[in-house]
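Remarks on the overall topology
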Amino acid sequence: MSLATAPRPLRAVLIANRGEIACRVIRTARRLGLRTIAVYSDADARARHVREADEAIRLGPPAAGESYLAIDKVIQAAQRSGADAIHPGYGFLSENAEFVAACDAAEIIFIGPPASAIAAMGDKAAAKARMAQAGVPLVPGYHGEAQDDALLRKEAGKIGYPVLLKASAGGGGKGMRVVESEREFQAALDGCRRESRAAFGDERMLIEKYLTQPRHVEVQVFCDSLGAGVYLFERDCSVQRRHQKVLEEAPAPHLPEALRREMGEAAVRAAQEIGYVGAGTVEFLLDAAAETAQGSGSPFYFMEMNTRLQVEHPVTEMISGEDLVEWQLRVAAGLALPKAQNELTLTGHAIEARLYAEDPDNDFLPATGKLLRFALPLASADSHGRVRLDSGVEAGDTVTMHYDPMLAKLIVHGEDRGQALAEMARALAALDISGVTTNRRFLQRLVTHPDFIAARLDTRFIEHHHDDLFAAPQATDADIARAALVAIDQLTRDQLARSHIDGAPRTDDPWQRRDGWRLNAPRRLRLAFQETDGSSTYEVIATQALTQGLAQEPAQATWQLQVQRDGEETSRLAEQCQRLDSDTLALTLDGHRQRLFARLDPTSEGDAIVLTAAGQESRLIWRRADRADHLPQEAEAKLTAPMHGTVVALLVEPGQTVEKGTPLVVVEAMKMEHTLSAPADGAVEAFHVAVGDAVAQGDELLAFTNAEAMTNAGADTSGDN
Ligand code: ADP
C-alpha cells in the first residue's frame, strides 16, 4: 500500500537532523515517493543533506541549541513546508519526550514511539523496575527509591564488589563510576552525585554488579501501532571507546541459536511492556564469564532501551535484507509491520566501522578541515551490495567543529564473518580520503587485530589492547623503499606534467628529454622521509639500474635503493614500480610483487605518502626538496628553473668544481635575466639544458654534487658512485 493512502497518509517528511543519517533517511523516503525536506543551521547551508533534499529550511545559527535542538523552530519548519511527519534521526531530538508532545500538539506525525514510551525508558531506575515486571533479566543490583549513604553502601556490599554506580537520570556515560572496594565507595558516590546534579539536575543513583568482561549485545526490535512486535536479530557493539561504539557487527559472534531467540523474545517483551511503536533497540550485557559456565542461567542482562533508530542499524539491514527506514515510515503511516517473526531470516555477516574526523594518536582530538578527496571506489549506496558507505559528506565539503565528528559509516557484508572481515580490510584500504585526519588507520588496526579476528570481544577491548592499537608508527625498510618509489613516480609525473604545460613536444628522442635521463649514466636521487611524529628520519638513495640500449620509461624502471635510518645504511633493495591507475601501483620488491594504493596528503611538514597494502596503512612524510616549504634550511641545493623562460647562458663547464655562489646558468624570462648560483661548494656534473632551450618553472637545469654530501632530495645527481 502506498504511504499516501495509508491510514495516516504520508506525502512529505521533514528530517530534523543532519549528516549521514539525514542523507540516509532522504534516500528511502524518496524511493517511497515522499517529498523530502531538510533543515539546516548556518554552518550547514551547503551541506550534503541540504543538497540532497527536495527542499531545505534554515533553522538558525550553528549552535545546536539555536538550530537542530530548537523545538519550536523545527515545528515551524514542518508547518511551513507542509510536512506530514518528522523523522528525528538519532541524537538531537530523537529521544526528547517534550518534542514528541510538541509534534502531537501540532498534529504532525513523529516518526518514533509515543512520548510515554520515551519517558518510561528515560529514567534508568524506573525502567529497571518496569523491566523486572516484564520478566526481562536485570544485572544484579539496587534501583530503589531510598538513597541515604548508609543504605547504598550496604546494598553495594550485598551485590559484591566491584560495583558500578550509575546516575538514574544518566546517559552518555556521565555520572557513572566503577567502585572496586568499600573503601572507595563514599568518594565515588559523592563524585557521581556531583556529576549527575551538574549534568541532569538529579542525584539519584542506582548500583549494579560490575561485570568485568561483558559483551555489549543489543537487539533490534520493531513494533507497529496495531500491537505486533518482532525482533530483527542482534548486534555486537563491544568495541567501544569511552562508551562510544567504534565497530558494530551482526549477528553477535558465537551466539547460540537458543540464546538468540531468548534475547530476541525478551527484547520484544521489554518493548511491549512500555507500549512501544516503531524501531527500538534493547541493549544487553552478555556476561562472557557466565557464558562459559554451563547451567548458570541466562547470561544476559537488560541495560537500557534506545527509543530510536541506531547509528549501527545498517548491519541489521544487511543481514536481514530489510530497509529499516522504510519500516519506520510504514509504521508511522499506521500500516502493519512488513514481516512477521517467522518470515525474517538472517543471512551472512555484516560489520560497520565508524569513520570519524579525529586523531586517535592524539587522544581522539576531533579534526576539522576541507575534505580534498572522499570516495570509496567499491561502494554502492543500497543495502544489497557487499560494501556500503553511508556518508554525510562529499569531496569539497568542510568539516566544522560544530557537530559530531562522524564523517561516514562503512558497512560490509560477507557470507560469513571471515569474509566480512576481509571485505572490511579491503574497503578501509580502498577508501580514498584526504584533507582531514581520520581514524581510518585505527580502524584498520582494530579489524586486523588477532583478538578481533578471533571474536574475543568485550567492552574493554580497546583498553586491553591499547599497546597494539596505539603503537608508535615505525616504518620497516620495505615501507621506506615503497614510499621512495611512490615519490619517484610522483616526481616523474610532475616533470611530465610540466613539459606538457610548457608545450614542449613530447618525443622519444633521448636528446630531447629533460627528466634526468642520460646516456650511460645512471639516474640518482636522494629522498628524505620522516615519521609523521618526527621521531625518526630516513633517507633513500635511489639509483636507476642501467638497462641495455635506451633507458626504460622512468615509471617502469628498476631502481637500486639504499635505505638509511638516521644515517646508517640498513638495506639495499631492488624495486620496480608500475602505475596501474590513478591510485594503484604495482611494486615489485626483490621479486615480490604487490598491488597497493598510494596517495599523497599535503601536510605542513611535507607530503604524507600514505600507502595501503594488504589492508595495512603506512604513512611517511616525504620532505620534498623541490618544494621550498618542505625544505630543511640547508637543503637549497636544487637547481631548477625559477620560472618559465629560455636558457641564455651556461657559465661553467660540466665537471667543473665551483665554490658556493658561483654563477652557473642564466635564464631569461619577460625580458629579465635570472642567474642561478652554486648553492654550496661542489661540482657541476652535467647540464640538462642547452643555450636556447625553453624551460618550465621547476625544471631541473643541471646535476650538482655537493662537496659535503650529494645534493638533497629529488634533484638528479650524475653517475658517480
Ligand atoms: P549510558 O546511558 O550513560 O550510556 P549505559 O547504562 O548504557 O550508560 O552503559 C554504558 C556502557 O557502560 C555499556 O555499553 C557498557 O559498556 C558499560 N556498562 C554498563 N553497565 C555495566 C555493568 N553493570 N557492568 C559492566 N559494564 C557496564
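In this text, all values refer to a predicted model and were calculated from it rather than measured experimentally.

Rules used in this analysis
- Residues numbered from 1 in each chain as written.
- Predicted model: local features only at pLDDT ≥ 70, side-chain atom pairs only at ≥ 80, totals over all residues.
- Heavy atoms only, no water.
- Helix = DSSP H or I, 4+ residues; strand = E, 2+ residues; numbered from the N terminus.
- Buried < 20%, exposed > 50% of the residue type's maximum accessible area, 1.4 Å probe, protein only.
- Contact = heavy atoms within 4.5 Å.
- Pairing = 2+ DSSP bridges.
- Axes fitted to C-alpha atoms, helices over the stretch in contact; angles between N-to-C directions.
- Left-handed = near helix turned anticlockwise from the far one by under 90°.
- Nonpolar A, V, L, I, M, F, W, Y, C, P; charged D, E, K, R; others polar.
- Arc of directions from axis to C-beta.
- Near = heavy atom within 4 Å.
- Polar contact = N/O pair within 3.5 Å; in protein donor to acceptor, adjacent residues only side chain to side chain.
- Areas by Shrake-Rupley, 256 points an atom, 1.4 Å probe, with all protein chains shown as cover.
- Domains from an automatic or database assignment.
- Salt bridge = Lys/Arg side-chain N within 4 Å of Asp/Glu carboxyl O.
- Core = buried A, V, L, I, M, F, W, Y, C linked by side-chain atoms within 4.5 Å.
- Phe/Tyr/Trp six-rings, centres within 6.5 Å; stacked < 30°, edge-to-face > 60°.

**Comments concerning the overall build of the chain**
- Summing up its helical and strand segments, the chain has 18 helices and 40 strands in all.
- Here the chain, with 721 residues, has 57% of them falling under the buried criterion.
- Here the contacts in the chain between residues at least 6 apart in sequence split such that 62% fall between residues at least 24 apart.

**Quick word on the sheet that holds strand E4 (residues 85-87)**
- Spatially, the five strands line up as an open sheet ordered E3-E2-E1-E4-E5, and their pairing is parallel. Looking at strand neighbours, the two that pair on one side only are strand E3 (55-60) and strand E5 (109-110), the edges of this open sheet.
- Relative to E4, strand E1 (residues 12-15) is paired through three bridges, and the arrangement is parallel. The residue of E4 that forms the bridge with valine 13 is alanine 85.
- Those strands touched by helix H3 (residues 71-81) are E1, strand E2 (35-41), E3 and E4, and its axis lies near 150° from that of E3.

**So, the packing of H3 against helix H4 (residues 97-105)**
- With their axes 10 Å apart at the nearest point, H3 and H4 run at an angle of 30° to one another. Seen along the crossing, H3 lies across H4 with a hand that is right-handed. For the pair H3 and H4, the contacting residues are Ile71, Val74 and Ile75 in the first and Glu98, Phe99, Ala102 and Cys103 in the second.
- For the contact of H3 with H4, a count of residues per class yields six nonpolar, no polar and one charged.

**Overview of H3**
- Considered for burial, the residues of H3 that qualify are Ile71, Val74, Ile75, Ala77, Ala78 and Ser81. Down the axis, H3 shows its buried residues gathered within 155° of arc, on one side only.
- Tucked inside the fold, the buried residues of H3 contact E1, E2, E3, E4 and H4.
- Glycine 82 sits one or two residues past H3 and shows a positive phi near 70°.

**Description of the site of the ligand**
- Residues in close proximity to the ligand total 21 residues, the closest being Lys124, Lys166, Gly173, Lys209 and Glu304.
- Contact distances for the ligand include 3.3 Å between an oxygen atom and a side-chain N or O atom of histidine 216.
- Look at the ligand: alone it shows 550 Å² of surface, and the protein chains cover 94% of it.
- Elements represented by at least two residues in the shell around the ligand include exactly strand E7 (163-167), strand E9 (205-209), strand E10 (214-223), strand E15 (278-287) and strand E16 (300-306).
- Summarising the domain contributions, the shell around the ligand has at least three residues from each of domain 2 (140-209) and domain 3 (214-469).

**Looking at the pattern of salt bridges**
- Going through the model one piece at a time under the given rule, you end up with 50 salt bridges.
- The partner of aspartate 390 in a salt bridge is arginine 27, and the shortest N-O contact between them spans 3.5 Å. Residue aspartate 390 is located in strand E22 (residues 387-391), and its partner arginine 27 is located in helix H1 (residues 19-31); the two are separated by 363 residues in the primary sequence.
- Given a relative accessible area of 1%, aspartate 390 falls into the buried group.
- Aspartate 149 is the partner of arginine 193 in a salt bridge, and the nearest nitrogen-oxygen pair spans 2.8 Å. In this pair, arginine 193 is assigned in helix H8 (residues 182-200) and aspartate 149 in helix H7 (residues 149-159), connecting sequence segments 44 residues apart.
- Among the residues examined, arginine 193 registers a relative accessible area of 12% and is labelled buried.
- What emerges from the salt-bridge pattern is a single network uniting Arg24, Arg27, Arg31, Glu317, Asp323, Glu326, Arg388 and Asp390.

**Things to note about the environment of arginine 460**
- Here arginine 460 is to be found in the loop between helix H15 (450-453) and helix H16 (461-464).
- Residues arginine 460 and arginine 241 lie 219 residues apart in sequence; the distance between their C-alpha atoms is 7.9 Å.
- Apart from residues no more than four positions distant in its own chain, arginine 460 is found in contact with Tyr210 and Thr212.

**Some remarks on the sheet that holds strand E40 (residues 702-706)**
- An order of E35-E38-E40 is seen for the three strands of this open sheet, with the pairing classed as antiparallel. Of all the strands in the sheet, the pair left with one neighbour each is strand E35 (657-658) and E40.

**A few points about the side chain of aspartate 236**
- With respect to the element layout, aspartate 236 can be found in strand E11 (residues 229-236).
- Look at aspartate 236 and you get buried, because its relative accessible area is 2%.
- Of the polar contacts made by the side chain of aspartate 236, one reaches the side chain of arginine 215; its length is 2.9 Å.
- In this structure aspartate 236 touches Arg215, His216, Val217, Leu247, Glu248, Glu249, Ala252, Pro253 and Leu457, once residues within four positions along its chain are discounted.

**Quick look at the packing of H1 against helix H12 (residues 324-332)**
- Across the interface, H1 lies against H12 with an axial gap of 9 Å and an inter-helix angle of 60°. Of the two possible hands of crossing, H1 and H12 adopt the one that is right-handed. When H1 is examined against H12, the residues Arg24, Val25, Thr28, Ala29 and Arg31 are found in contact with a partner set consisting of Leu324, Val325, Glu326 and Leu329.
- Residues that form the contact of H1 with H12 fall into these classes: five nonpolar, one polar and three charged.

**Considerations on helix H5 (residues 115-122)**
- All buried positions along H5 are accounted for by Ala115, Ala117, Ile118, Ala120 and Met121.
- Elements that come into contact with the buried residues of H5 comprise H4, E5, helix H6 (124-133), helix H9 (257-273) and E16.

**Quick look at the nonpolar core**
- Formed by 73 residues in total, the largest nonpolar core has its most connected members in Val221, Phe222, Met263, Phe284, Phe302 and Met305.
- Among the domains, domain 1 (3-111) and domain 3 (214-469) are the pair contributing at least three residues each to this core.
- Excluding residues within four positions of it along the chain, methionine 305 makes contact with Glu95, Met121, Val221, Ala271, Ile274, Tyr276, Gly280, Thr281 and Val282.
- Formed by 39 residues, the second largest nonpolar core is a distinct cluster that contains Leu371, Ala430, Leu457 and Phe461.

**Focus: the pairing of strand E24 (residues 406-414)**
- Burial analysis of E24 places nine of its nine residues in the buried class, the great majority of the element.
- Both strand E17 (residues 349-356) and E24 contribute to a ladder of eight bridges, which runs antiparallel. Looking at the pairing, glutamate 352 lines up with isoleucine 411 of E24.
- Across five bridges, E22 lies against E24 in antiparallel orientation. Opposite aspartate 390, over in E24, you have lysine 409 as the bridge partner.

**Here we look at the packing of aromatic side chains**
- Inspection of the entire model under this criterion finds 10 aromatic pairs.
- Ring centres of phenylalanine 364 and phenylalanine 442 lie 5.3 Å apart, and the angle between their planes is 80°; this geometry places the pair in the edge-to-face category. Here phenylalanine 364 is found in the loop between strand E18 (358-359) and strand E19 (365-366), whereas its partner phenylalanine 442 is found in helix H14 (residues 440-447), with 78 residues between them in sequence. No difference in accessibility class separates phenylalanine 364 from phenylalanine 442, as the two residues are buried.
- Pairing phenylalanine 364 with phenylalanine 470 gives two aromatic rings, centres 5.9 Å apart and planes at 90°, and the pair type is edge-to-face. Of this pair, phenylalanine 364 sits in the loop between E18 and E19 while phenylalanine 470 is found in the loop between helix H17 (466-469) and helix H18 (477-501), placing the two residues 106 residues apart along the sequence.
- Pairwise contacts between aromatic rings join Tyr68, Phe92 and Tyr403 into one cluster.

**Quick word on unusual backbone geometry**
- A cis amide bond links tyrosine 161 with the next residue in sequence, proline 162, at an omega value of -5°.
- Looking at the secondary structure, you find proline 162 in the loop between H7 and E7.
- At the junction of alanine 250 and proline 251, the peptide bond is cis and its omega measures out at -5° in the coordinates.
- Along the chain, proline 251 turns up in the loop between strand E14 (247-250) and H9.
- At phenylalanine 92, a residue that is not glycine, the phi angle is positive and equals roughly 35°.
- With respect to the element layout, phenylalanine 92 can be found in the loop between E4 and H4.
- Using a relative accessible area of 28% as the deciding quantity, one classes phenylalanine 92 as partly exposed.
- Notably, phenylalanine 364 is not glycine yet its phi reads approximately 60°, a positive angle.

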